[in-house]
Amino acid sequence: MGVFVIFIQKAIGQGIGMLYGALGEIVTEKSGNLNLGVPGIMYMGGIAGLMGAFLYEKSVAQPNGTVGLLISFACAFLCAMLGGLIYSVLTITLRANQNVTGLALTTFGVGFGNFFGGSLSQLAGGVGQISVAATGAAYKKTIPGLSNLGVIGDIFFSYGFLTYLCIVIALVLAFFLAKTRKGLNLRAVGENPGTADAAGINVTRYKYLATCIGSGISGLGGLYFVMEYAGGTWTNNGFGDRGWLAIALVIFALWKPLNAIWGSILFGGLYILYLYIPGLNRSTQEIFKMLPYVVTIVVLVVTSFRKSRENQPPDSLGLPYFREDR
Amino acid sequence: MNKDAMKGREPLAHISKRDEITIWKAWGIRLAAILLSLVVCAGVIFALTRLNPIEVYKAIFGGAVGTSRRAWVTIRDALTLLCIAIGLAPAFRMRFWNTGAEGQVLVGGVVTAAVMIYFGDALPTPVLLLIMLVVSILAGMIWGLIPAVFKAYWNTNETLFTLMLNYVAMQIVTFCIVFWENPAGSNTVGVINSATKGGWMPALGGLTYGWNLLIVLALAYGVYVYLRLSKQGYEVAVVGESESTAKYVGINVKKVIMRTMAISGGICGLAGFLIVSACSHTISTSTAGGRGFTAIIVAWLAKFNTFAMILVSFFLVFMQKGAMQIASQFNLNENASDVITGIILFFILGSEFFIRYKVELRGRRKEA
């Protein structure tokens, strides 16, 4: 039982970062933009949050965790939005190819994260190991009282606020997309921008906003990883390939935020399953690490077999929209 | 008054599609974008290192081609990038988004390494190299064919399928490293056959990377001819433009998709062979090192023209090497090269817009 509880905890810990990425990407894809830059954007969010907190903690004698938290949160969100803005300008205004732009953004973003992560101490005047203890602790703070409820407390209440924020964002997003006028408009833009345009919806504005806000949400995934998972430290490429898994999760969840919640926990579980299967040696562990990707491929193949109308990607996903092309 | 109201509503710029553009003007726009990106890069490097911009370019130049050894490393890496981009060209010509070059390179590299490790000292070098070449191409082909079959028969999304296969390939590599690690416990393969040089690509005419040069340039020419002049290349282009048209004129679309992806994956597998046998003599998860993704952009920017790819890949690798040199000089992280690559790519991607569309500002339009 104890091992199982820890497994669930760790699975959620792995999953939340991907869930942020996936939720941001769902918003983006609902507007018809396939942003393959999400892995880079998550790196950008992570490093910007860390830098914000680091510069703050370095500049005051007694750093206050809450202030550091707010600063790093804002830095992460804004920097990730900046990544989304680059993508938007190139694909929406300048109509560059979405796949290529996304991949360029990933190259840029991952390099950006690793460059500043690896050079931050040098740029700040050789301070050695970067650590933002006060801010990291603030992110890890659990809800007082509730986390002592035994197994229930361990499974549901042993996380920092970013975990709960993520679930809240997923719920709000599900409501927004399904029940509000603006959500309907957004989906219309993604399905058929020509029709949406004819109905008087400002396609460009929806695409810009959805991509930038979506990127901001994705960037929080990087922040989550740096602050809550790694406790306020940076390791180069430490975030690994979770960004691509976030994109995989979007497909796995069939573009539905609520599916993404349990999907992320499943992905997180698959990601670390090899640690909990007894009797694996090093080589078979590596085989188990393939699981999240293989599962995604299976989901891709199965959805393409079934071709049910509800479970398809937005119709204009990946296509640029130019009014005069119609 | 009415006229004034109209004037207020007219947008700042008017965008219209260009009918055609002279090749010189198109390359002029690209050149302007590249120059602009270089200015921005210099600005970024200046902001980080306080190095005077002229010095920045001196340092980039020195880092990329300063010594003959550096120049050859730059040429070698550019050739590798070029090889992958050439492999991607047929797939993109068909509008098949092969984002799996990274994985195709890795499986090509891993089987090459396997042959080197298990047969490296048992077979004569020419036979060994030939076997390595063939198995690497076959491995890449298989890796490219898997998503192609699903795309052809069930229209499974190839962008994400190939992307996921990259990571499956990466796990295969780490799986193999467990058995091949040298020295034990290091979790790396180390230089394979460092004493006997079994399976190492020999020098050609005194040039260490002569074979790379020969093979990749031959491929560039071959794929150019294949896409431009052969019947199969024409079929690829038709399928890319419109599958319905292709079906209507009697092209077997499924066959074309699978054949093209086999070629695409095969060339990427060959790139894996070149990396392992002729460059690094080892295998790791970073053997492809993101070049599979950069090559996608190279292939796209060059508009599937394999000769334009030569220019683009040399330029990118040149800048990367230069940026890495500056970074190490200032004790900064070598990922600076990715940041520089990203900035340049953003500018070139953006410049394509001005080649395809004409932008007329409000004021100027009045006069016309």
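Everything numeric in this text was worked out from a predicted model, so none of it was measured.

A. A look at the overall build of chain B. Within chain B, the secondary structure is distributed over 15 helices and two strands. Per-residue burial for chain B yields a buried fraction of 52% across its 368 residues. Within chain B, residue pairs in contact and separated by at least 24 positions form 77% of the contacts whose partners lie at least 6 positions apart. Per element, the accessible surface of chain B, about 16700 Å² overall, is 64% carbon and sulfur. Side chains of chain B carry 31 positive and 18 negative charges; the gap between the two charge centres is 4 Å.

B. Structural view of helix α7 (residues 158-180) of chain B. All names here are of chain B. When the terminal C-alpha atoms of α7 are compared, their 32 Å separation across 23 residues agrees well with the 33 Å that a helix rising 1.5 Å per residue should span. Buried residues dominate α7, accounting for 20 of its 23 residues. With a side-chain oxygen positioned 2.9 Å from the backbone nitrogen of Thr 159, the residue opening α7 is Asn 157.

C. A look at the interface of chain B and chain A. Tallying the contact residues gives 49 residues for chain B and 49 residues for chain A. Here chain B and chain A share an interface that buries about 4500 Å² over both sides, 76% of which is from carbon and sulfur atoms. Looking at the side of chain B facing chain A, the largest losses of area belong to Met 164, Tyr 167 and Phe 346 of chain B, adding up to 15% of the total buried there. Where chain B meets chain A, there are zero salt bridges. Our count for the contact surface shared by chain B and chain A stands at five residue pairs in polar contact (both at pLDDT 80 or more). Elements that contribute at least two residues to the side of chain B that touches chain A include exactly β1 (13-17), α6 (125-154), α7, α12 (291-301) and α14 (336-356) of chain B. No other element matches α7 of chain B, which puts 14 residues into the side of chain B that touches chain A. Per-class residue counts for the side of chain B that touches chain A are 31 nonpolar, 14 polar and four charged.

D. How the structure looks around the environment of Gly 222 of chain B. Turning to its location among the elements, Gly 222 of chain B is positioned in helix α8 (residues 210-229). For the pair Gly 222 of chain B and Gly 63 of chain B, spaced 159 residues apart in sequence, the C-alpha separation works out to 32 Å.

E. Structural detail: the environment of Ile 130 of chain A. Residues and elements named next belong to chain A. Looking at where Ile 130 falls in the secondary structure, it is placed in the loop between α4 (98-123) and α5 (133-140). A relative accessible area of 7% means that Ile 130 is categorised as buried. Here the alpha-carbon distance between Ile 130 and Trp 234, two residues 104 residues apart in the chain, equals 7.4 Å. Excluding residues that lie within four positions of it along the chain, Ile 130 makes contacts with Leu 50, Phe 54, Gly 117, Leu 120, Ser 121, Gly 232 and Thr 233.

F. Focus on the nonpolar core. Membership of the largest hydrophobic core comes to 205 residues, with the highest contact counts inside it found for Tyr 20 of chain A together with Met 309 of chain B. Looking at this core element by element, the count peaks at 14 residues for helix α11 (residues 253-280) of chain B.

G. Here's a closer look at the pattern of salt bridges. Residues and elements named next belong to chain B. In the structure shown here, the tally under the stated rule is nine salt bridges over all chains. Between Glu 235 and Lys 231 there is a salt bridge whose closest N-O contact spans 3.4 Å. Note that Glu 235 and Lys 231 are positioned in helix α9 (residues 231-241) at a spacing of four residues, about one turn of the helix. Using a relative accessible area of 12% as the deciding quantity, one classes Glu 235 as buried. Given a relative accessible area of 63%, Lys 231 falls into the exposed group.

H. View of a nonpolar patch on the surface. Taken together, the side chains of Leu 12, Phe 354, Val 359 and Leu 361 of chain B make up a nonpolar region of the molecular surface, amounting to roughly 350 Å² of accessible area. Turning to its location among the elements, Phe 354 of chain B is positioned in helix α14.

I. Seen up close, unusual backbone geometry. Residues and elements named next belong to chain A. Within the chain, Leu 254 stands out as a residue other than glycine whose phi angle is a positive 55°. As for its position among the elements, Leu 254 is in the loop between α11 (242-252) and α12 (257-272). Overall, the relative accessible area of 17% leaves Leu 254 in the buried class. Here the phi dihedral of Trp 255 falls at roughly 65°; this positive angle occurs in a residue that is not glycine. For Trp 255, a relative accessible area of 8% translates into the label buried.

J. Local environment of the state of the cysteines. One pass over the structure, following the stated rule, counts zero disulfides over all chains. Here Cys 79 of chain A is not cross-linked by a disulfide; its sulfur's nearest cysteine counterpart is in Cys 75 of chain A, at 8.3 Å. Lacking any disulfide linkage, Cys 268 of chain B is separated from the closest cysteine sulfur, that of Cys 83 of chain B, by 7.5 Å.

K. View of the packing of α11 of chain A against α12 of chain A. Residues and elements named next belong to chain A. The interhelical angle for the contact between α11 and α12, taken along N-to-C directions, is 135°, at an axis separation of 10 Å. With respect to each other, α11 and α12 are oriented oblique. Relative to α12, α11 is oriented so that their crossing is right-handed. In this structure, α11 uses Arg 242, Leu 245, Ala 248, Leu 249 and Phe 252 to contact α12, whose residues at the interface are Ala 260, Trp 262, Gly 263, Ser 264, Leu 266, Phe 267 and Tyr 271.

L. Inspection of the side chain of Asp 77 of chain B at higher detail. Relative to the helices and strands, Asp 77 of chain B resides in helix α4 (residues 68-93). Setting aside chain neighbours within four positions, we find Asp 77 of chain B in contact with Arg 291, Val 317 and Lys 321 of chain B.

M. Quick peek at the side chain of Ser 31 of chain A. Residue and element names in this part refer to chain A. Checked against the element boundaries, Ser 31 lands in the loop between α1 (2-30) and α2 (38-59). By relative accessible area, Ser 31 is classed as buried at 0%. For Ser 31, the contacting residues outside a window of four places in its chain are Leu 186, Val 189, Gly 190, Tyr 206, Lys 207, Ala 210 and Thr 211.

N. How the structure looks around the packing of helix α2 (residues 23-49) of chain B against helix α3 (residues 53-65) of chain B. All names here are of chain B. As a packed pair, α2 and α3 sit with axes 9 Å apart at the nearest point and diverge in direction by 100°. Looking at the two axes, α2 sits roughly perpendicular to α3. Between α2 and α3, the residues in contact are Leu 38, Val 39, Cys 41, Ala 42, Ile 45 and Phe 46 and Pro 53, Val 56, Tyr 57 and Ile 60, respectively. Of the residues belonging to the contact of α2 with α3, the class tally is ten nonpolar, no polar and no charged.

What counts and what doesn't
- Residues numbered from 1 in each chain as written.
- Chains lettered and ligands numbered in written order.
- Predicted model: local features only at pLDDT ≥ 70, side-chain atom pairs only at ≥ 80, totals over all residues.
- Heavy atoms only, no water.
- Helix = DSSP H or I, 4+ residues; strand = E, 2+ residues; numbered from the N terminus.
- Buried < 20%, exposed > 50% of the residue type's maximum accessible area, 1.4 Å probe, protein only.
- Contact = heavy atoms within 4.5 Å.
- Areas by Shrake-Rupley, 256 points an atom, 1.4 Å probe, with all protein chains shown as cover.
- Lys, Arg positive; Asp, Glu negative; His and termini not counted.
- Charge placed at Lys NZ, Arg CZ, Asp CG, Glu CD.
- Expected span 1.5 Å × (residues − 1).
- Polar contact = N/O pair within 3.5 Å; in protein donor to acceptor, adjacent residues only side chain to side chain.
- Buried area = accessible area lost by both parts, 1.4 Å probe.
- Salt bridge = Lys/Arg side-chain N within 4 Å of Asp/Glu carboxyl O.
- Nonpolar A, V, L, I, M, F, W, Y, C, P; charged D, E, K, R; others polar.
- Core = buried A, V, L, I, M, F, W, Y, C linked by side-chain atoms within 4.5 Å.
- Patch = residues over 30% accessible without salt bridge, like charges linked within 9 Å, V, L, I, M, F, W, Y side chains within 5 Å.
- Disulfide = S-S within 2.5 Å.
- Axes fitted to C-alpha atoms, helices over the stretch in contact; angles between N-to-C directions.
- Parallel < 35°, antiparallel > 145°, perpendicular 65-115°, else oblique.
- Left-handed = near helix turned anticlockwise from the far one by under 90°.

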